[in-house]
Amino acid sequence: MVSRTKPQLGRVVVALLLVYLLWGSTYAANEIMLETIPPLLGTSSRFLVAGVVLCAFLLPGHGWKRFRMPSTWLGSAAVAGLFTLAAARGLVTYGQQFTSSGLAALIVATVPLWIVLYRALSGDRARPVVLLGVAVGFVGIALLCLSSGLDTAGVSAVGIAALLTAALCEAGGTFGTARLAMPSDPLVTVTIQMSTAGTALLVLSFVTGEVHTGVISDASSASSLAVLYLAIPGGVVPFACLVWLLRNAPMSIASTYAYVNPVIALLLGWLLLGERLPPVALAGSVLVLVAVITVIRYDSRKMGNPDDQEHRTGRTTP
């Protein structure tokens, strides 16, 4: 809900820049984390640290009363966390072992396109211009997949498959849980989601053998700092900024992060990691960005209630 009081332009700009830069930089931070920390363990650590930080912020003054809620609300938040964070972010980090950070961000940016597809399968008809945008996006995805068969650096069929599955999980989780009752406080909701996702991924990291003797000592200082960066500057801070934007700025402004973040990720991958995209992948990237902008701009209905409610937290952590 947008506030009746017009916020100062400067505060809106600062909040947007923080969301753009911090969330856009998480893909480069993932690359640094993956240098010495396994993907599932690193992602679980990220969410568990963020959950602890959020609890430390929420508990003073109100105690555990803020977490008293019907079991259905708790279950809904936990399920959303399993799909949109545990499955989606776990697969993103896994996929980044085989692809560049910029390409990963572009594929994840297709989530709005998949939400439109889920809506169409459920009988919800979209506007023709939105369907055109989705079609353009799928052409872009096809070009990205084609580039994976060209034996080019930073592009892998395994990585693209993992990232596309991550986008499907996030879109499905967002769409499927949109109508479920959630806690009214978005910070409480995301705390539950991150804690649930972190716990699930930690268990999975033990099951898959990621956790072994020496895994902690093998982690470099840079990778460990990357986990902390992903948890707080790359997780808690931009989410808090997005919550503020959703309450104080038009949805059309707040939602721009969906197509600005991939551009930030591409630039940082180029500047910090020396990443390059082959021409075919670059062409596909442009089409994906055009498609996402079109869908968000012309789809007047809320995308499965993703970013337009204070308690919506389906896409909380790029």
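Predicted, not measured: the structure shown is a model, and the values here were computed from it.

1. Section: the overall build of the protein chain
In terms of helices and strands, the protein chain carries 14 helices and zero strands. Shown N-terminal to C-terminal, the secondary structure of the protein chain runs as helices and strands in the order α-α-α-α-α-α-α-α-α-α-α-α-α-α. Counting over 318 residues, the protein chain shows a buried share of 53%. In the protein chain, of all internal contacts separated by at least 6 residues, the share reaching a separation of at least 24 is 90%. Accessible surface for the protein chain amounts to roughly 13800 Å². Of this, 70% is attributable to carbon and sulfur atoms.

2. Overview of the environment of Leu201
Here Leu201 shows up in helix α9 (residues 186-207). Separated by 162 residues in sequence, Leu201 and Pro39 have C-alpha atoms that sit 9.5 Å apart.

3. Focus on the packing of aromatic side chains
In this structure the tally under the stated criterion is five aromatic pairs. For the ring pair Trp23 and Tyr257, a centre distance of 5.5 Å and an interplane angle of 50 degrees mean the geometry is tilted. Taken as a pair, Trp23 in helix α1 (residues 9-24) and Tyr257 in helix α13 (residues 257-273) lie far apart in primary sequence, 234 residues in all. In this structure, Trp23 and Tyr257 share a single accessibility class: buried. The interplanar angle of 55 degrees and the centroid separation of 5.6 Å between the aromatic rings of Trp64 and Phe67 together place this pair among those described as tilted.

4. Describing a nonpolar patch on the surface
Together, Val263, Leu267, Trp270, Leu271, Leu272 and Leu273 make up a nonpolar patch on the protein surface, roughly 580 Å² of accessible area in all. Here Leu272 is to be found in helix α13. Judged by its relative accessible area of 61%, Leu272 is exposed.

5. Details of the side chain of Asn261
Looking at the element boundaries, Asn261 is found in helix α13. Assessed through its relative accessible area of 5%, Asn261 is described here as buried. Asn261 has contacts with Val19, Tyr20, Trp23, Gly24 and Pro318, leaving out every residue within four places of it along the chain.

6. Thoughts on helix α4 (residues 71-95)
Look at α4: 34 Å from first C-alpha to last across 25 residues, which is about the 36 Å you get at 1.5 Å a residue. At Leu82, α4 shows its maximal bend, which comes to roughly 35 degrees.

7. Points about the confidence of the model for the protein chain
Per-residue pLDDT for the protein chain has a mean of 85; in total, 89% of the residues score no lower than 70. Mean pLDDT in the protein chain bottoms out at helix α12 (residues 251-254), which sits at 77, and peaks at helix α2 (residues 26-33), which reaches 96.

8. Regarding the nonpolar core
Core analysis: the biggest nonpolar cluster contains 73 residues, and Tyr27, Ile107, Met194, Leu245 and Val292 have the highest contact counts within it. Tallying contributions element by element places helix α11 (residues 221-248) first for this core, with eight residues. In this structure, Met33, Leu34, Ala226 and Leu230 belong to the second largest nonpolar core, which totals seven residues.

Rules behind the numbers
- Residues numbered from 1 in each chain as written.
- Predicted model: local features only at pLDDT ≥ 70, side-chain atom pairs only at ≥ 80, totals over all residues.
- Heavy atoms only, no water.
- Helix = DSSP H or I, 4+ residues; strand = E, 2+ residues; numbered from the N terminus.
- Buried < 20%, exposed > 50% of the residue type's maximum accessible area, 1.4 Å probe, protein only.
- Contact = heavy atoms within 4.5 Å.
- Areas by Shrake-Rupley, 256 points an atom, 1.4 Å probe, with all protein chains shown as cover.
- Phe/Tyr/Trp six-rings, centres within 6.5 Å; stacked < 30°, edge-to-face > 60°.
- Patch = residues over 30% accessible without salt bridge, like charges linked within 9 Å, V, L, I, M, F, W, Y side chains within 5 Å.
- Salt bridge = Lys/Arg side-chain N within 4 Å of Asp/Glu carboxyl O.
- Expected span 1.5 Å × (residues − 1).
- Bend = angle between axes of the 7 residues up to and from the residue.
- pLDDT = per-residue confidence, 0-100.
- Core = buried A, V, L, I, M, F, W, Y, C linked by side-chain atoms within 4.5 Å.

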